Amino acid sequence: MAVELTCIVCPRGCHLHVDDDLNVTGNSCPRGAVYGKQEVSNPVRTLTSTVVVEGSGHLWVCPVKTDVAIPKGKLFDAMKEVNAVKAKVPVHIGDVLLKGIAGTEANLIATREILD
Amino acid sequence: MEKRDLVIIGGGSAGMAAAVAAYDKGVHDILILERTEFLGGILNQCIHNGFGLHEFKEELTGPEFFTRFVKQVEERGIEYKLSANVVGVTKDKVVTYFSGEDGCVEVQAKAIVMAAGCYERNAGAIGIPGDRPSGVITAGQAQLYLNAYGYMVGKKVFILGSGDIGLIMARRMTLEGAKVLGVAELMPYSNGLERNIQQCLKDFDIPLYLSHTVTKVIGKGKLEAIEISQVDERMKPIPGTEKRFEVDTLLLSIGLIPNNDLLDKAGIEASKTRGAKVDSRMMTLSAPGIFSAGNVLHVHDLVDYVVAEGRTAGEGAAAYIKGELKPSEEGILTEAGKGIGYVVPAKLDLDAPGDALEVKFRVSRPSKNVYVVYSQGGVPIKKILKLAIIPSEMEIYKLPKNLLKADGGPLTVSLEPKEEK
Ligand SMILES: Cc1cc2nc3c(=O)[nH]c(=O)nc-3n(C[C@H](O)[C@H](O)[C@H](O)COP(=O)(O)OP(=O)(O)OC[C@H]3O[C@@H](n4cnc5c(N)ncnc54)[C@H](O)[C@@H]3O)c2cc1C
Ligand code: SF4
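Once that is clear, we can look at the overall build of chain A. Counting its secondary structure elements, chain A contains two helices and 10 strands. Helices and strands in chain A line up, N terminus first, as β-β-β-α-β-β-β-β-α-β-β-β. Rg of the C-alpha trace for chain A: 18 Å, well past the compact-globule value of 13 Å for 116 residues, more than 25% over. Dimensions along the principal axes, computed over C-alpha positions, put chain A at roughly 55 × 30 × 15 Å. Split into buried and exposed, the 116 residues of chain A put 42% on the buried side. Of all intrachain contacts in chain A linking residues separated by at least 6 positions in sequence, the fraction that spans at least 24 positions is 45%. With an accessible surface of roughly 6000 Å², chain A has 54% of that area assigned to carbon and sulfur atoms.

Right, dumping it as structure tokens:
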């Protein structure tokens, strides 16, 4: 099925048309073609959220992200797992809090340092 | 009275960048005053990614981005005070702050960098008709509750205004299990970045109602429903177009305003943006030695530019403290011409470092195929073709100094349609 989308790689916002064979038209530069193909064949997003943190006197939650982008369709499954995760102080940026989230290759990592 | 070389008001991205830059230029007696419990400013609550593509060449989340600056501040041993609220500034550079630890303290500074960020317009600012129930809150407040305290303000949400904070919150609350029923935007175009429209609304099938506004808020005590209507070209609601949504929360994402009250009260002249009028080094025109950078000067969409501005201010402050920078009467005033919302700085300073001077501006409305024309004293000196230009993205142009004449009159930025051949 052909798809219409707006390229978000730069502010120009070209209107892309991607056909069944992943041919992109409407792009004003090659970056738009790359984006259009990826977006139609396997759209991925970095998930960011928070998890409960225990033992801190300042913060209730710790921000987290997936270390690589995950398929868009897995976002809600991933959120279910995120909401069951708890972190404990000390937390460092990059600490892995959950491996292989929602059956993907991605890990959930902390994005904030919480020492006390 | 306590004495300091440099006092920085606000420990967000602009304030930290200014402190580091001033330190690296040899000024070490610096005090950063931050009202909240943390350095980092607004980025404490911006847990999404999209920060630092220019600065660090990677896409970071807000907390990852500001932590790198906190490290730079701490590595240099720059002093900062948290929970220290600045309540007054004078043109003579006396800063008054209040903290639980120190009580009320006055500091005489040689230079000041104002970096107090911005605040959100709230319901009072637009006067929505109807009841005044609880459940109507700004998107930034909701973001703070959720991302700092883990508290969701509601389950059925409508958003007024297509500013980026509202869009980011639409996605965030949807992922946390809320139902976001729609976003209404008064203008015929979105005020948010295109990538946020795509990744925060379209990804989750959240409708965006352009040329619409909230015309009724319904609920006794608690919000029960809202009504939106389409507006005509003069922004007046069109009768008969009302749509009703049952919601428990209305988020307002209707604009940010520089938090410049301290400089206003000190009698320092403000510009169209409501931030101070500054020159190319970010020094205020009416108070030498007081600098301004970041969202307190004009609202930015990219933190990278906030940091760059903070650095310019920090370096300027260091030069001023060392006596290398004398306030001058000269310089080229700037003006926003046809199609331009505002221009920063208010005055171009040919003595500022570098071969080119930065001119930052926003257009008043989206346009395609236009020239941005820079003219001095009415004579065009540079024309740049833009295939598309939108108000939600700030434009920066480095204007070569050799195009400018010290006595050539004011510089005007304006838009001119491209002639069809
Ligand atoms: C919701 C949102 C999303 C954004 N998303 C992106 C993005 O994806 N990518 C990107 O690059 N940029 C983004 N930005 C823009 C950018 O990150 C911010 O504009 C930037 O961080 C602002 O920095 P600042 O230092 O000017 O202000 P702030 O970070 O607001 O810092 C101001 C500081 O001053 C303190 N302060 C205020 N008044 C006083 C006082 N009287 N005394 C003492 N301290 C005081 C405040 O507590 C605060 O810590 C976003 C902005 C927002 C609001
Ligand atoms: S196709 Fe190229 S020019 Fe068009 S929006 Fe995408 S990146 Fe920009």
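That covers the picture; the talk isn't over yet.
Moving on to the site of ligand 1. Residue and element names in this part refer to chain B. What surrounds ligand 1 is a group of 32 residues, the closest being E34, I42, G50, N295 and V303. At 2.9 Å from an oxygen atom of ligand 1 is found a main-chain nitrogen or oxygen belonging to A14. For ligand 1, whose free accessible area comes to 1000 Å², the fraction covered by protein is 92%. Listed by contribution, the elements that provide at least two residues to the shell around ligand 1 are α1 (13-24), β3 (49-51), β6 (84-89) and α8 (303-321). The dominant element in the shell around ligand 1, judged by the number of residues it contributes, is β6, at three residues. Classifying every residue of the shell around ligand 1 by side-chain character gives 15 nonpolar, 14 polar and three charged.

This part is about the domain arrangement of chain A. What the domain assignment lists for chain A is domain 1 (3-41) and domain 2 (45-110). For domain 1 of chain A versus domain 2 of chain A, the separation of C-alpha centres amounts to 31 Å.

The next point concerns the sheet that holds strand β10 (residues 136-138) of chain B. Sheet strands pair via backbone hydrogen bonds, and the direction of the pair is either parallel or antiparallel. All names here are of chain B. One open sheet holds the five strands; their spatial order is β10-β17-β11-β12-β13, and the pairing between them is parallel. The open sheet terminates on both sides in strands that have one partner only, identified here as β10 and β13 (208-210). For this sheet the average axis-to-axis angle between neighbouring strands, irrespective of direction, equals 20 degrees. Strand direction decides the pairing type here: strand β11 (residues 156-160) and strand β12 (residues 179-185), joined by five bridges, are parallel. Each residue of the ladder has a partner; that of I159, found in β12, is V183. Along the sheet, helix α4 (residues 139-149) makes contact with β10 and β17 (249-252), crossing β10 at roughly 85 degrees.

Glancing now at the pairing of β17 of chain B. Residues and elements named next belong to chain B. Taking every second residue as pointing to the same face, both faces of β17 are buried, with T249 and L251 on one and L250 and L252 on the other. The sheet contact formed by β10 and β17 spans three bridges and is parallel. Bridge pairing links V136 to L250 in β17.

Let us now look at unusual backbone geometry. Cis geometry is adopted by the peptide bond preceding P90 of chain A, which originates at V89 of chain A and carries an omega value of -5 degrees. Considering the arrangement of structural elements, one finds P90 of chain A in the loop between β8 (86-88) and β9 (96-98). Between V344 of chain B and P345 of chain B the backbone carries a cis peptide bond, its omega angle lying at -5 degrees. Relative to the elements of secondary structure, P345 of chain B occurs in the loop between β21 (340-344) and β22 (347-348). Unlike most non-glycine residues, L22 of chain A shows phi in positive territory, near 65 degrees. The topology assignment puts L22 of chain A in the loop between β2 (15-18) and β3 (24-25). Residue classification places L22 of chain A among the partly exposed residues on the basis of a relative accessible area of 26%. Its identity is not glycine, yet R274 of chain B carries a phi of approximately 80 degrees, on the positive side.

Quick look at the pattern of salt bridges now. Counted under the stated rule, the structure contains 29 salt bridges over all chains. With a shortest N-O distance of 2.5 Å, D203 of chain B and R45 of chain A are connected by a salt bridge. Highlighted residues: D203 of chain B in the loop between α6 (194-201) and β13 and R45 of chain A in strand β4 (residues 44-45), drawn from two different chains. Both residues of the pair, D203 of chain B and R45 of chain A, belong to the buried class. Residues K322 of chain B and E324 of chain B are paired through a salt bridge, measuring 3.9 Å at the closest nitrogen-oxygen approach. Assessed through its relative accessible area of 42%, K322 of chain B is described here as partly exposed. Its relative accessible area of 56% is what places E324 of chain B among the exposed residues. What emerges from the salt-bridge pattern is a single network uniting E39, R45 and K72 of chain A together with D203 of chain B.

Bringing the pairing of strand β1 (residues 2-9) of chain B into the picture now. Residues and elements named next belong to chain B. Burial analysis of β1 places six of its eight residues in the buried class, the great majority of the element. For β1 and strand β8 (residues 103-114), the ladder comprises seven bridges, and the chain directions are parallel. Along β8, the bridge assignment pairs K3 with Q108. Here four bridges tie β1 to strand β2 (residues 30-33), and the two strands are oriented parallel to one another. The residue bridging L6 from the neighbouring strand is I30, located in β2. Handedness of the crossover joining β1 and β2 through α1 is recorded here as right-handed.

The next thing to look at is the packing of α1 of chain B against helix α2 (residues 62-75) of chain B. Residue and element names in this part refer to chain B. Taken N-terminus to C-terminus, the directions of α1 and α2 make an angle of 30 degrees; their axes are 10 Å apart at the nearest point. For the element pair α1 / α2, the angle class is roughly parallel. Crossing of α1 over α2 shows left-handed handedness. On the side of α1, the interface is formed by S13, M16, A17 and V20, while α2 contributes F65, F66, F69, V70, Q72 and V73. Here the contact of α1 with α2 is built from residues that sort into eight nonpolar, two polar and no charged.

Listed by partner, the interface residues are 33 residues for chain B and 27 residues for chain A. Across the interface of chain B and chain A, roughly 2700 Å² is buried in total on both sides, 57% from carbon and sulfur atoms. If you look at where chain B meets chain A, you find four salt bridges. Among the salt bridges present, the one from K72 of chain A reaches D203 of chain B, with a minimum N-O distance of 3.3 Å. Where chain B touches chain A, the interface holds nine residue pairs in polar contact (both at pLDDT 80 or more). Looking at the side of chain B that touches chain A, the elements with two or more residues in it are α2, α4, α5 (164-175), α6 and β25 (379-389) of chain B. When residues in the side of chain B that touches chain A are grouped by element, the largest group, five residues, is from α2 of chain B. Partitioning the side of chain B that touches chain A into residue classes produces 12 nonpolar, 10 polar and 11 charged.

The rules behind each value
- Residues numbered from 1 in each chain as written.
- Chains lettered and ligands numbered in written order.
- Predicted model: local features only at pLDDT ≥ 70, side-chain atom pairs only at ≥ 80, totals over all residues.
- Heavy atoms only, no water.
- Helix = DSSP H or I, 4+ residues; strand = E, 2+ residues; numbered from the N terminus.
- Rg over C-alpha atoms; globule rule 2.2 N^0.38 Å.
- Buried < 20%, exposed > 50% of the residue type's maximum accessible area, 1.4 Å probe, protein only.
- Contact = heavy atoms within 4.5 Å.
- Areas by Shrake-Rupley, 256 points an atom, 1.4 Å probe, with all protein chains shown as cover.
- Near = heavy atom within 4 Å.
- Polar contact = N/O pair within 3.5 Å; in protein donor to acceptor, adjacent residues only side chain to side chain.
- Nonpolar A, V, L, I, M, F, W, Y, C, P; charged D, E, K, R; others polar.
- Domains from an automatic or database assignment.
- Pairing = 2+ DSSP bridges.
- Axes fitted to C-alpha atoms, helices over the stretch in contact; angles between N-to-C directions.
- Salt bridge = Lys/Arg side-chain N within 4 Å of Asp/Glu carboxyl O.
- Right-handed = clockwise from strand over helix to strand, strands pointing away.
- Parallel < 35°, antiparallel > 145°, perpendicular 65-115°, else oblique.
- Left-handed = near helix turned anticlockwise from the far one by under 90°.
- Buried area = accessible area lost by both parts, 1.4 Å probe.

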